[in-house]
Each structure stands twice: as C-alpha cells, then as structure tokens.
Amino acid sequence: MPDALKLDNPIFIDMRSPSEFANGAIPGAINIPLLDDAERGEVGTIYKLTGPEEAKQQGLAIVSAKLPALVGSIRAQYKGGRTVVVYCWRGGMRSKSVVGILEIMGIPAYQLLGGYKAYRRHVLETLESFDLKPTVVTLCGSTGVGKTTLLALLKEQGVPVIDLEKLANHRGSVFGSVGLGKPATAQNFDALILRELLRYNDAPYIMVECESKRIGNVYIPEPLFAAMKKGPKLLAYADIETRVTRLIEEYLDVYNSRGDEIRASIQALRARLGAVKTDRLSAAFAAGEVREVVRTLLTDYYDPLYGYEQAAPADYAVTVDAADFSRAAAGIIDYLNTLRGSLCCRQ
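Residues numbered from 1 in each chain as written. Predicted model: local features only at pLDDT ≥ 70, side-chain atom pairs only at ≥ 80, totals over all residues. Heavy atoms only, no water.

Considering the nonpolar core
Stated formally: Among the buried residues, those of types Ala, Val, Leu, Ile, Met, Phe, Trp, Tyr and Cys that are joined through side-chain atoms within 4.5 Å form a nonpolar core. For each residue, the accessible area found with a 1.4 Å probe, counting protein chains only, is set against the maximum for its type, and the residue is called buried under 20%, exposed over 50%, and partly exposed in between. Secondary structure is summarised from DSSP: a helix means a run of H or I of at least four residues, a strand means a run of E of at least two, and numbering begins at the N terminus for each. We call two residues in contact when some of their heavy atoms are within 4.5 Å.
By size, the foremost hydrophobic cluster in this structure holds 35 residues, and its most contacted members are Ile-162, Leu-164, Ile-193 and Leu-224. Where this core is concerned, the elements lending two or more residues are β3 (83-87), α7 (115-128), α9 (164-168), α10 (186-200), β6 (205-209) and α11 (222-230). When residues in this core are grouped by element, the largest group, six residues, is from α10. If sequence neighbours within four positions are ignored, Leu-164 has contacts with Phe-189, Ile-193, Val-208, Glu-209, Glu-211, Ile-215, Ile-220, Leu-224 and Met-228. The next biggest cluster of nonpolar side chains, apart from the first, holds 23 residues, and it includes Tyr-205, Met-207, Ala-236 and Ala-322.

Encoded structure:
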C-alpha cells in the first residue's frame, strides 16, 4: 500500500459505486464507477437469489455498454502524464477486470492490491503510531473572534496550518453543520488528516485551531490531539460587538436560507439554557432580531462553555487582538519566528 502512494504523479481511479466512494476514498481519487448504486443493488440481489454466475452475467451486460466512455475517461488522465492506479473495495474483480481492459487498449495501469480496504487499514495503522515531529501551536479564542479567518491569513503567508474544521466539514459547535452539507465521514477525515500530517511533518511547527477531540462525528487522531494539548497555546480576542458582527457575516446565507435548521439548533440548547430562554431566542430569531439572538448565544452559552473571556493572558504564549486580522497575524508570525529559533537551538 505505501508503495502505491509513492508513485510518480499517481491518479487513483475508484471503480466503486458513488455511495461507496462518498463514504470513503483515497484523497484526490476520481470515481468512475463500473456500477452505479442501483445497478450494484440489482447485481447483489441476483447474487443472493440465484448465485454468482448469474450475477456476473448481469454485471457484464451492464458494464459492457459503459466501457468506451470509461476507457476514454481514464485515457485522458494517462495522456495528462498521470500514473494510473485502479482500485475497488478489496482489489478484486472490478479493478482487475478494468486493468486488463486498459492493457488491451494500450493504457498502462496498476491495480491497487487489497483495494480501498487495504488503504483504510494503512491509514488507521499509520495514524495510530504516527511520529509527529513538528510542535503543534494551537490558536484559542472565543466563538466569533475569527480564528478560522486568522488561520487562513496565516496560511496565505506560508505558515503550516491544518484547518481541522474544514477537513471535518463542521464548525465544531451546535450550529456546526448548518449550511455546510454532509459532514466528512471518519474514513475521509482520517485520510485527509494523514495527508496533511505527512505534508508538514518536516516543518518546525504546525498551527491548528483549538478543538475538542470530537468535531461533529469525527475524532482527531490521538498523536495530533496529544500534541495539541502539549504544545503552546495562543489566544485571540475581540470585543463582543465585533464577534457578533463576524458571526452574522459568516452565517448570513444560512440565516436567509436555512431558518428551520437554525431554529432546530437553538432548540437543541434547551437543556442548557432552559425552556423560557430557548423559546425567547426562537421567537426573536423568527422576528428577525438576529443580532440580539447571536449576542445572547455568545454571552449565555458559548462564552461560559469555553471560558476564554475570563482566561488569564499568562496562560498563553502570546495574546493578540483579532479586531485587526493583519496586525494579529503579524503578532503571531513574530511569535512563530521566535519559536522557530528556540526549536533550532534545541536540535
């Protein structure tokens, strides 16, 4: 499995059905399914009812009409200078048959032995024992302070950053998935995390946003989470009105198009805020009093939950005023340059 990942300019062709691909795939892979979900279900039913020979015959009848387009799609990748690697679930019939057809058509291709199942096992085993070399610097701060924006600005300036919430497709809060579509599956999140860790493992440090071990329905791998707890913490702060404004700007489209999801998320806080306050927030949101709703959620839910508003600056390696993102980023980069120097001195 590791040898396939080291090939020169590989392009992974996933022959599985769209639902299998969506559940977990090699990052950057292209899904060119031999059977769509309905066809796969049809062949599976025949297999159960009448046996493998009849199932193979039906699969062949379905696939044969697709072969010219399938070969054409893969040929385009090969002509683009990519090394073609074909895989299915276990490196079985689907990928083996396609590699054979490609060879007949003059397109060199590899079959990924063990298929996606072997890749998934490789990801889990590698993450479990990953030797994380960089110091992990964690950016903390109250909800709405703009940590994600600040990290993006730092990344633009060359700072190694792993955006955990982006990889999870979840904002890490009770409103975390609203407007983002489906959150990442554990399979895809783990694969993306591993890719980022490998990319930055020779860097002196990596920056991440402060998160709990769980983000939505996925979990930060233990080597990374342990490094987050051990490494230096930075604190970004901003006044309440700045934070309210930023949250409204971030969620503006969501407020306008996904009101039902917002109201459902507010009601999910009922046990913590109480029925009276929750109903009042729902009514205020329905009345368009968005700014008041956001302010109340910050002061009565998020700030007490995370405690950054009462945090002591001495508990952090550096604190920056995030009212001005550019100045905050400059302050963080100054700290990182100092950190780099101290890390070099230890080596």
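Next, the rest of the story.
Details of the sheet that holds strand β1 (residues 10-14)
Test applied: Pairing between two strands is assigned when DSSP locates at least 2 bridges connecting them.
With respect to topology, four strands assemble into an open sheet ordered β2-β1-β3-β4, the strand pairing being parallel. Looking along the sheet, the strands with just one partner apiece sit at the ends: β2 (30-31) and β4 (110-111).

Things to note about the sheet that holds β6
Put simply, the rule is: Only C-alpha atoms enter the line fits that serve as axes; for helices the fit covers just the stretch in contact. Angles between N-to-C directions range over 0 to 180 degrees.
Strand order in the open sheet formed by four strands is β6-β5-β9-β10, with parallel pairing between adjacent strands. Bordering the open sheet on either side are β6 and β10 (318-321), each of which pairs with just one other strand. Between one strand axis and the next, the sheet turns by 25° as a mean value, whatever way the strands run. Note that strand β9 (residues 233-237) and β10 share four bridges and pair parallel. Bridging from a neighbouring strand, Leu-234 pairs with Val-318 of β10. Across the sheet, helix α8 (residues 147-156) is in contact with β5 (135-141), β6 and β9; its angle to β6 comes to roughly 155°.

Side note on the side chain of Glu-196
Tracing the backbone shows Glu-196 in helix α10. Classification of Glu-196 as buried rests on a relative accessible area of 4%. Residue contacts for Glu-196: discarding those within four places in its chain leaves Lys-155, Val-161, Ile-162 and Leu-167.

Looking at the environment of Gly-331
Among the secondary structure elements, Gly-331 is positioned in helix α17 (residues 325-346). Residues Gly-331 and Thr-319, spaced 12 residues apart in sequence, show a C-alpha to C-alpha distance of 8.5 Å.

Considerations on α8
Inclusion rule: This arc is built from the directions going out from the helix axis to the C-beta atoms.
Those residues of α8 that sit buried are Lys-147, Leu-150, Leu-151 and Leu-154. Projection of α8 onto a plane perpendicular to its axis shows the buried side chains occupying an angular sector of 100°, all on one side. Gly-158 sits one or two positions beyond α8 and adopts a positive phi of about 95°.

Details of the pattern of salt bridges
Stated precisely, the cut-off is as follows: Salt bridge, as used here: a side-chain nitrogen of Lys or Arg that lies within 4 Å of a carboxyl oxygen of Asp or Glu.
Scanning the model with the defined rule gives 16 salt bridges in all. Between Arg-94 and Glu-20 there is a salt bridge; the shortest N-O distance is 3.0 Å. Of this pair, Arg-94 sits in helix α6 (residues 93-104) while Glu-20 sits in helix α2 (residues 18-23), and the two are 74 residues apart along the sequence. For Asp-300, the salt bridge is made with Lys-277, and the minimal N-O distance between the two is 2.6 Å. Highlighted residues: Asp-300 in helix α16 (residues 290-306) and Lys-277 in helix α15 (residues 275-286), separated in sequence by 23 residues. What makes Asp-300 partly exposed here is its relative accessible area of 31%. Taken together, the shared-partner salt bridges in this structure form one network comprising Glu-241, Arg-291, Glu-292 and Arg-295.

Examining the environment of Leu-339
Turning to its location among the elements, Leu-339 is positioned in helix α17. Each C-alpha atom of the pair Leu-339 and Pro-204 lies 8.7 Å from the other, and the pair is 135 residues apart in sequence.

Examining the packing of helix α3 (residues 37-50) against helix α4 (residues 52-64)
For clarity, the threshold we go by: Working definition: roughly parallel below 35 degrees, roughly antiparallel above 145 degrees, roughly perpendicular at 65 to 115 degrees, and oblique for all remaining angles. Rotating anticlockwise by less than a right angle from the far helix to the near helix defines a left-handed crossing, while the corresponding clockwise rotation defines a right-handed one. By the convention adopted, Pro, Cys, Tyr, Trp, Phe, Met, Ile, Leu, Val and Ala count as nonpolar, Lys, Arg, Asp and Glu as charged, and the other residues, Gly among them, as polar.
Axis separation between α3 and α4 bottoms out at 7 Å; the angle between their running directions is 160°. Looking at the two axes, α3 sits roughly antiparallel to α4. Crossing of α3 over α4 shows right-handed handedness. The residues of α4 that touch α3, namely those facing Glu-39, Glu-42, Val-43, Ile-46, Tyr-47 and Thr-50, are Pro-52, Glu-54, Ala-55, Gln-58, Gly-59 and Ile-62. Its residues assigned to classes, the contact of α3 with α4 comprises six nonpolar, three polar and three charged.

A look at unusual backbone geometry
Although it is not a glycine, Asn-9 sits at a positive phi angle of roughly 50°. A positive phi is found at Asn-169, a non-glycine position, where the angle reads about 50°. Judged by relative accessible area, Asn-169 falls into the partly exposed class, the value being 23%.

Observations concerning the pairing of β6
The element β6 is extensively covered by neighbouring structure, given that five of its five residues are classed as buried. Burial along β6 is two-sided: Tyr-205, Met-207 and Glu-209 facing one way and Ile-206 and Val-208 facing the other are all buried. The sheet contact formed by β5 and β6 spans five bridges and is parallel. When the sheet's bridge partners are listed, Thr-138 is paired in β6 with Val-208.

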